[in-house]
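Read off the chains here:
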Amino acid sequence: MKTLAAGLGAASLPMWARYSHAQTAEPIKIGFQVHRTGIGAAYGRWYGRTTEAAAKLINDGGGINGRMVEIVAEDDGTDPKRGAEVVEKFANQHGCDIAFGTLFSHVVIGSAPRAGELKMPYFVVSEGHHVASGMLNRYTLQPGITDVKSQVQAMAPFVAQNLGKKVTMVFPDFAFGHDHRDFFTQAIEAQGGEVLAHIAIPPSETSFTKYFPKIPRETEVLYHVMVGPAVLTFVKELGEFFGPARPEMFGFIDSLEAVAIDSPGLEYLEGTYFWEGNPRHAQADQSEHDKFFRAAVGVNDRGASISDPSDVSTYAHMFGCWETLHVIKAGMEASGYAGTQDRAALIEAVEAMTDMPESRAHPQGAKLFNGKTHQVFGHQYISKVTGGKLLRVHTTSIEDTLYPDETDYTTQPF
């Protein structure tokens with residue numbers, strides 16, 4: 001991490017000094033697997049903007065090992081089959097050094113085996129537990145964003161102590177949603193609570209009213225997480241179903257990513273709670289690192305585009321791209337990465353990382369990386385909708401998010 005700090009400090013060098021060596025070397029090609037189309041398109045748009053901003057910062061600081069970073073983007077359509085094809089394209093057509101950026105868990109699961117076969121380091125920004133569970137391979141790492149298991153484990157005590165213990169869960173019916181179903185159920189039971197009903201909804205669904213009558217009347221807390229282009233419809237219809245007699249609500253901000261909290265029809269959310277991976281609205285104690293990050297990616301204090309305030313970001317997730325690229329930079333510098341022959345050394349360098357202090361490279365907060373499981377752990381945030389703003393009311397410790405190792409990728413041969 002000292003190497004990383006030194007790299008960021010290089011931005012103070014004269015322009016000629018920063019680029020004199022880099023211009024003589026081939027760029028480091030990072031294959032960016034992006035959801036430009038499909039149900040992940042809103043995330044893909046902002047993952048793209050964040051990735052470009054991080055690459056610009058790195059290049060303005062002299063690049064990586066004196067070489068510029070080139071982002072090679074390919075759309076996977078948020079589709080597992082196309083995801084694997086994109087990874088192969090990075091390796092065989094574009095000559096990329098690594099692959100990076102995948103979000104939706106079913107695409108990660110569909111793509112990671114091919115990355116392993118091609119011996120291409122695959123840095124995902126996904127949240128799914130599939131990496132830390134041992135399902136994947138040594139070439140797949142998640143060093144810039146926490147996973148669902150750690151998130152819900154840290155959230156459950158707050159829910160049980162402040163909102164209620166009889167919970168109904170509404171979640172998308174694919175791997176990411178199944179992680180929520182399985183791990184939150186365990187976590188709330190450990191707090192003396194119970195899940196009354198699991199309501200799984202296809203992520204491509206566009207109308208949701210037929211699902212809501214399944215919510216038991218005795219529900220004290222409705223736990224909701226939804227993804228895809230119809231999230232605004234989902235949250236609006238949820239409010240219409242309950243009217244003024246809603247239970248307490250705890251949502252993952254995924255249900256409102258890329259959607260303004262003050263959209264018409266969402267007034268009923270006042271007083272409800274959300275998990276946020278990174279608080280969308282700038283808080284009263286905003287750090288200088290968050291301020292710098294917002295400016296670099298072009299979002300305002302409410303997490304919307306500075307150039308178009310109606311274009312709301314996926315702020316709770318997109319920081320993961322920024323932080324992962326800085327981890328890649330640190331790993332390449334620590335390993336002396338010079339080309340694809342050094343891929344194993346890059347992975348070993350990242351596996352050796354532990355503490356990641358809060359900084360410009362890690363604006364979401366400090367983190368702890370577990371090299372055995374290839375998973376990072378960090379602070380989680382709970383916000384309450386207050387006066388139309390998302391106000392942070394609870395921050396977990398990193399210790400709250402830890403759980404026993406389920407695998408050790410370092411024992412796998414390259």
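Residues numbered from 1 in each chain as written. Predicted model: local features only at pLDDT ≥ 70, side-chain atom pairs only at ≥ 80, totals over all residues. Heavy atoms only, no water.

Caption draft 1: Focus on the layout of surface pockets. Volume-wise, the largest pocket comes out at about 270 Å³. Grouping the amino acids of the lining of the largest pocket by side-chain chemistry returns 5 nonpolar, 9 polar and 5 charged. Volume-wise, the second largest pocket comes out at about 170 Å³. Every residue lining the second largest pocket is listed: Gly-38, Ile-39, Ala-41, Ala-42, Tyr-43, Gly-228, Pro-229, Val-231, Asp-254, Glu-257, Ala-258 and Val-259. (1 Å grid on protein atoms, 1.4 Å probe; cavity = no way out; pocket = protein on both sides within 12 Å on 5 of 7 lines; lining within 4 Å. Points joined across faces, edges and corners; volume = space filled by probe spheres on them. Nonpolar A, V, L, I, M, F, W, Y, C, P; charged D, E, K, R; others polar.)

Caption draft 2: Spatial organisation of the packing of aromatic side chains. Applying the stated criterion across every chain yields a total of 19 aromatic pairs. Summarising the aromatic geometry, the rings of Tyr-223 and Phe-250 are spaced 6.0 Å apart at their centres and angled 35° between planes, so their arrangement reads as tilted. Taken as a pair, Tyr-223 in strand β8 (residues 221-224) and Phe-250 in strand β9 (residues 248-252) lie far apart in primary sequence, 27 residues in all. Side by side, Tyr-223 and Phe-250 carry an identical accessibility label, which is buried. Directly above the ring of Trp-46 sits Arg-49, whose terminal nitrogen or CZ lies 4.3 Å from the centroid. The ring centre of Phe-292 lies 3.7 Å from the NZ or CZ of Arg-360, which sits over that ring. (Phe/Tyr/Trp six-rings, centres within 6.5 Å; stacked < 30°, edge-to-face > 60°. Helix = DSSP H or I, 4+ residues; strand = E, 2+ residues; numbered from the N terminus. Buried < 20%, exposed > 50% of the residue type's maximum accessible area, 1.4 Å probe, protein only. Lys NZ or Arg CZ within 6 Å of the ring centre and 35° of its normal.)

Caption draft 3: Structural view of the sheet that holds strand β10 (residues 273-276). Taking strand neighbours across the sheet as the criterion, the 7 strands line up as β7-β6-β8-β9-β10-β14-β15 in an open arrangement whose pairing is mixed. The open sheet is flanked by β7 (194-201) and β15 (389-395), the only strands paired with a single partner. On average, each strand axis in the sheet is tilted by 25° relative to the strand beside it, whichever way the strands run. Here β10 pairs with strand β14 (residues 381-386) via 4 bridges, running antiparallel. Opposite Glu-276, over in β14, you have Tyr-381 as the bridge partner. Here helix α7 (residues 175-190) sits on the sheet in contact with β6 (166-172), β7, β8 and β9, set at roughly 165° to β6. (Pairing = 2+ DSSP bridges. Axes fitted to C-alpha atoms, helices over the stretch in contact; angles between N-to-C directions. Contact = heavy atoms within 4.5 Å.)

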